[in-house]
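Observations on chain architecture
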Amino acid sequence: MTAGPSRRPRRRPRREDGLTVVGALLIFGLIALAGGIVLTGQLAVATSEGAGAQHGADAAALAGARGVLDGVPADVAPGFLLPSDIPVLLGGGRCLQKGIVDATRLAQENGDTLDSYCYDAFRDEVRVEVTTRDNAARAAATAATTFDAGSCSLPTDFSTDGPDPADPGEGDDGDEPGDTPPPAPQRTVLDCGLKFPVVFTPADNRFHFVGLEAILADVDPRLTR
């Protein structure tokens, strides 16, 4: 009788083998978890630093715009003949440094560095860039003073000629005309994004703002982007 092929006894998995596989999986899982925690932490730090930089840029831009506003009354004190003169009185540039002292001071208080600063008198735009401490993050911001000098306009029906003067009459001797009183100052409103009272004085042929400092003290700059 021919003997059949011999069967090798099956090897039963030992308990230790199962523990080894489980241990390996556990180790790999812990490594992956640790890597995920590190990556998540790095992303959180980067996000926090980016948010901090943006907050610093926003604050610096608003501080610069506030500084510009505080200087407007003195800048326009000489008066203007045309609304288009107003941006020129503010400096007449696209990248002025008005307000930079205020922006720099606030950036330093926040632990940031002000990298660039520009005030555009024609577009009412303050642009800044700041870097956080240790150069960890950088951000930019733009603010408006809300005193939009480049858009100022007078009512279309306003005339500096004023009303027609009365007939001068004649002097006592009937030969010389009497003295003509000087034209009276004329009040109107100037629209620069906000309404501002102004008066035209024929004596110097100029418009002058009325109570501008008090009005601008209640104006808040705003972020535009």
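Preceding block: the structure.
Here's a quick rundown of the structure. Computed from a predicted model, the values in this text were never measured in an experiment. (Residues numbered from 1 in each chain as written. Predicted model: local features only at pLDDT ≥ 70, side-chain atom pairs only at ≥ 80, totals over all residues. Heavy atoms only, no water.)

**Focus on the state of the cysteines**
By the definition in use, this model includes two disulfides. With its sulfur 1.7 Å from that of its partner, C95 forms a disulfide with C118. Disulfide C95-C118: the torsion about the S-S bond is -60°, which places it as left-handed. Here the residue C95 occupies a position in the loop between α2 (86-89) and α3 (100-109), and C118 occupies one in strand β1 (residues 113-120), the gap between them amounting to 23 residues. With relative accessibility at 44%, the residue C95 sits in the partly exposed group. Disulfide pairing is shown between C152 and C192; the S-S distance is 1.9 Å. (Disulfide = S-S within 2.5 Å. Helix = DSSP H or I, 4+ residues; strand = E, 2+ residues; numbered from the N terminus. Buried < 20%, exposed > 50% of the residue type's maximum accessible area, 1.4 Å probe, protein only.)

**A few points about the sheet that holds strand β5 (residues 195-201)**
If you walk across this open sheet you meet the three strands as β4-β5-β6, and the pairing is antiparallel. Pairing within the sheet leaves two strands with one partner each, and these edge strands are β4 (186-191) and β6 (206-209). Strand-to-strand, the axes of this sheet are offset by a mean angle of 40°, without reference to chain direction. Both β5 and β6 contribute to a ladder of four bridges, which runs antiparallel. For V199, the partnering residue across the bridge sits in β6 and is H208. (Pairing = 2+ DSSP bridges. Axes fitted to C-alpha atoms, helices over the stretch in contact; angles between N-to-C directions.)

**Overview of the packing of aromatic side chains**
Each aromatic ring pair is characterised by the separation of its centres together with the angle its planes make. Applying the stated criterion across every chain, the model contains seven aromatic pairs. Ring centres of F80 and F209 lie 5.7 Å apart, and the angle between their planes is 50°; this geometry places the pair in the tilted category. Of this pair, F80 sits in the loop between α1 (15-75) and α2 while F209 sits in strand β6, and the two are 129 residues apart along the sequence. Comparing F80 with F209, the two get one shared label, buried. Three or more aromatic residues link up through ring pairs in this structure, and these residues are F80, F147, F158, F196, F200, F207 and F209. (Phe/Tyr/Trp six-rings, centres within 6.5 Å; stacked < 30°, edge-to-face > 60°.)

**Examining the side chain of T188**
Its place among the elements puts T188 in strand β4. Residue T188 is classed as buried on the basis of its relative accessible area, which comes to 12%. Ignoring sequence-local partners within four residues, the contact set of T188 consists of L154, P155, F158, F196, P197, V198 and F207. (Contact = heavy atoms within 4.5 Å.)

**Description of the pattern of salt bridges**
Under the defined criterion, the tally for this structure stands at 10 salt bridges. Here R123 ties to E125 by a salt bridge, and the two come within 3.8 Å at their closest N and O atoms. Residue R123 is classed as exposed on the basis of its relative accessible area of 51%. Residue E125 is classed as buried on the basis of its relative accessible area, which comes to 8%. One salt bridge in this structure joins R225 and E125, with 3.9 Å as the shortest N-O distance. Residue R225 is located in the segment after β7 (222-223), and its partner E125 is located in strand β2 (residues 125-131); the two are separated by 100 residues in the primary sequence. What emerges from the salt-bridge pattern is a single network uniting R123, E125, R127 and R225. (Salt bridge = Lys/Arg side-chain N within 4 Å of Asp/Glu carboxyl O.)

**So, the sheet that holds β1**
Strand order in the open sheet made by the four strands is β1-β2-β3-β7, with antiparallel pairing throughout. Two strands in the sheet have a free side with no partner beyond their single neighbour: β1 and β7. As defined by bridge partners, β2 adjoins strand β3 (residues 138-144) across six bridges and the pair is classed as antiparallel. Opposite V130, over in β3, you have A139 as the bridge partner.

**A short note on unusual backbone geometry**
One non-glycine residue, D134, lies in positive phi territory at about 65°. Inspection of the secondary structure assignment puts D134 in the loop between β2 and β3. Given a relative accessible area of 73%, D134 falls into the exposed group. Of note, the phi angle at N205 is positive, near 55°, even though the residue is not glycine. In this structure, N205 sits in the loop between β5 and β6. Among the residues examined, N205 registers a relative accessible area of 36% and is labelled partly exposed.

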